[in-house]
Amino acid sequence: MLRMENVTKTYQLRRQPVTGLDQATMKIEKGDFVSLVGPSGSGKSTLLLMLGGMLSPTSGRVLLDGHSLYERSANERARLRKRYIGFVFQTFNLVPYLTAIENVQVPLYLGGVPRGEQRDHAAAMLERVGLGNRLDHKPTELSVGQQQRVALARMLANDPAVILADEPTGNLDPETAAQVIGFLEEFNAEGRTIVMVTHDPRAAQRAKRVVRLVEGRLVGEAGLTVHAEATERVVA
């Protein structure tokens, strides 16, 4: 489903080269649930953006379902994202002047779903995440946890095969964070592939695999069942 082949990303910062990713190679099968962990600045978000077709590598290849993303035009990548990928962010990125249901309708509108079907489908998505009674509330009228559930409903609207989540529990209390991870587990059980960046060890342990990055390098992967005492092995 997702593959990186010897991917390097370098930036210029005050005229000095900075390495965001260094020769990263990994394979994520359909239906996998992978947590990316590591210190701040280790390259986790850079890797996630590259998998999503939003940040081109300096060298190497990124493939989505056999499509080499960065050998395609920006418009072609946008079409692939719309077809395959849903994003979840720590900051939710809800439109503040739209209601919950209108926020969920945005990707449906952009995807060309007939107007008459948009509201019913958006309402069903919000019902699924427990917000069937909050359809007409704006983000400021919702709790932080409810805002993240609106973001989950919006992400689900176009039925993505791949979910890329960047610190989806970062702004949440432990109980609400566990609820959000529970939803991600449900989506994964339905066959969706999930890649999640997280600093939260409790969230990371809920994934099937945990991949560690340090200073832009993939240095280790824990087993399928992750415990505090798990011993990392070097990624081949």
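Quantities reported herein were computed from a predicted structural model and do not represent experimental measurements.

### Digging into the packing of helix α5 (residues 144-156) against helix α6 (residues 174-189)
So, point 1. Where α5 meets α6, the axes come as close as 10 Å, and the angle between the chain directions of the two elements is 15°. Considering their axes alone, α5 and α6 lie roughly parallel with respect to each other. Here α5 runs over α6; the crossing is right-handed. Contacts between α5 and α6 involve G145, Q148, R149, L152, M155 and L156 on the former and, on the latter, T176, Q179, V180, F183, L184 and F187.
So, point 2. A per-class count over the contact of α5 with α6 returns seven nonpolar, four polar and one charged.

### Describing the packing of aromatic side chains
So, point 1. On inspection of all chains with the given rule, the structure shows two aromatic pairs.
So, point 2. Aromatic pair F87 and F89: ring centres 5.9 Å apart, planes at 5°, arrangement stacked.
So, point 3. Given the relative accessible area of 24%, F89 is considered partly exposed.
So, point 4. Geometrically, the ring pair formed by F183 and F187 is stacked, given 6.4 Å between the ring centres and 20° between the ring planes. Of the two residues, F183 and F187 are both situated in helix α6; the distance of four residues between them amounts to about one turn of the helix. The pair F183 / F187 is uniform in exposure class, with both members buried.

### Regarding the confidence of the model for the protein
Low-pLDDT portions of the prediction should not be read for the details of their coordinates.
So, point 1. For the protein, the mean per-residue pLDDT works out to 89, and 94% of the residues sit at or above 70.
So, point 2. Ranking the elements of the protein by mean pLDDT puts strand β10 (residues 217-222) last, at 78, and strand β8 (residues 193-197) first, at 97.
So, point 3. Low pLDDT (under 50) marks residues 223-236, which in the prediction has 18 contacts with non-local residues, meaning those over four places away or in another chain.

### Observations regarding the sheet that holds strand β5 (residues 67-68)
So, point 1. The sheet built from four strands is open, its strands ordered β2-β1-β4-β5 with antiparallel pairing. If you trace the sheet from one side to the other, it starts and ends with β2 (16-28) and β5, each paired once.
So, point 2. The pairing of strand β1 (residues 2-13) with β2 spans nine bridges and is classified as antiparallel. When the sheet's bridge partners are listed, T10 is paired in β2 with T19.
So, point 3. Strands β1, β2 and β4 (59-64) of the sheet are contacted by helix α1 (residues 44-51), whose axis makes an angle of about 125° with β1.

### Thoughts on α1
So, point 1. Among the eight residues of α1, six are classified as buried, and the element is accordingly described as predominantly covered.
So, point 2. Those residues of α1 that fall on the buried side of the exposure criterion are K44, T46, L47, L48, M50 and L51.
So, point 3. Positive backbone phi, at 75°, marks G53, one or two positions downstream of α1.

### Topic: the pattern of salt bridges
Charged atoms that come close allow side chains of opposite charge to pair.
So, point 1. Here the structure, examined in full by the defined rule, presents 13 salt bridges.
So, point 2. The salt bridge involving D22 is made with R217; its shortest N-O contact spans 2.9 Å. In this pair, D22 is assigned in strand β2 and R217 in strand β10, connecting sequence segments 195 residues apart.
So, point 3. Overall, the relative accessible area of 42% leaves R217 in the partly exposed class.
So, point 4. Here R192 and E190 are joined by a salt bridge, their closest N and O atoms 2.4 Å apart.
So, point 5. A relative accessible area of 10% places R192 in the buried class.
So, point 6. Three or more residues are tied together by salt bridges with common partners; here these are R128, D159, E186, E190 and R192.

Here is what the cut-offs are and how they apply
- Throughout, residues of each chain are indexed from 1 in the direction in which the sequence is written.
- Since the coordinates come from a predicted model, pLDDT governs what is reported: local features require at least 70, and pairs of side-chain atoms require 80 or more to be given and counted, while whole-chain, interface and lining totals use all residues.
- Side-chain numbers here rest on the full set of heavy atoms in the structure, without hydrogens or water.
- In this description, a line fitted to the C-alpha atoms serves as the axis of each element, helices being fitted only across the stretch in contact, and the angle between N-to-C directions of two axes falls anywhere from 0 to 180 degrees.
- Each helix corresponds to a stretch of at least 4 residues labelled H or I by DSSP, and each strand to a stretch of at least 2 residues labelled E; elements are numbered beginning at the N terminus.
- In this scheme, roughly parallel covers angles under 35 degrees and roughly antiparallel covers those over 145, while 65 to 115 is roughly perpendicular and the rest are oblique.
- Take the far helix as your reference; a near helix turned counterclockwise from it by less than a right angle gives a left-handed crossing, and one turned clockwise gives a right-handed crossing.
- By definition, residues are in contact when any of their heavy atoms lie within 4.5 Å.
- Amino acids outside the nonpolar list (Ala, Val, Leu, Ile, Met, Phe, Trp, Tyr, Cys, Pro) and the charged list (Asp, Glu, Lys, Arg) are all regarded as polar, and Gly is one of them.
- Each aromatic pair joins two rings of Phe, Tyr and Trp (for Trp, the six-membered one) with centres within 6.5 Å, and gets the label stacked for planes under 30 degrees apart, edge-to-face for over 60, and tilted for any other angle.
- Per-residue accessibility, obtained with a 1.4 Å probe over protein chains only, is compared with the maximum for each type, and a residue is labelled buried under 20%, exposed over 50%, and partly exposed between these values.
- Every residue gets a pLDDT, meaning the predictor's confidence in that residue, from 0 to 100.
- For two strands to pair, DSSP has to find at least two bridges joining them.
- Any carboxyl oxygen of Asp or Glu that lies within 4 Å of a side-chain nitrogen of Lys or Arg is treated as forming a salt bridge with it.

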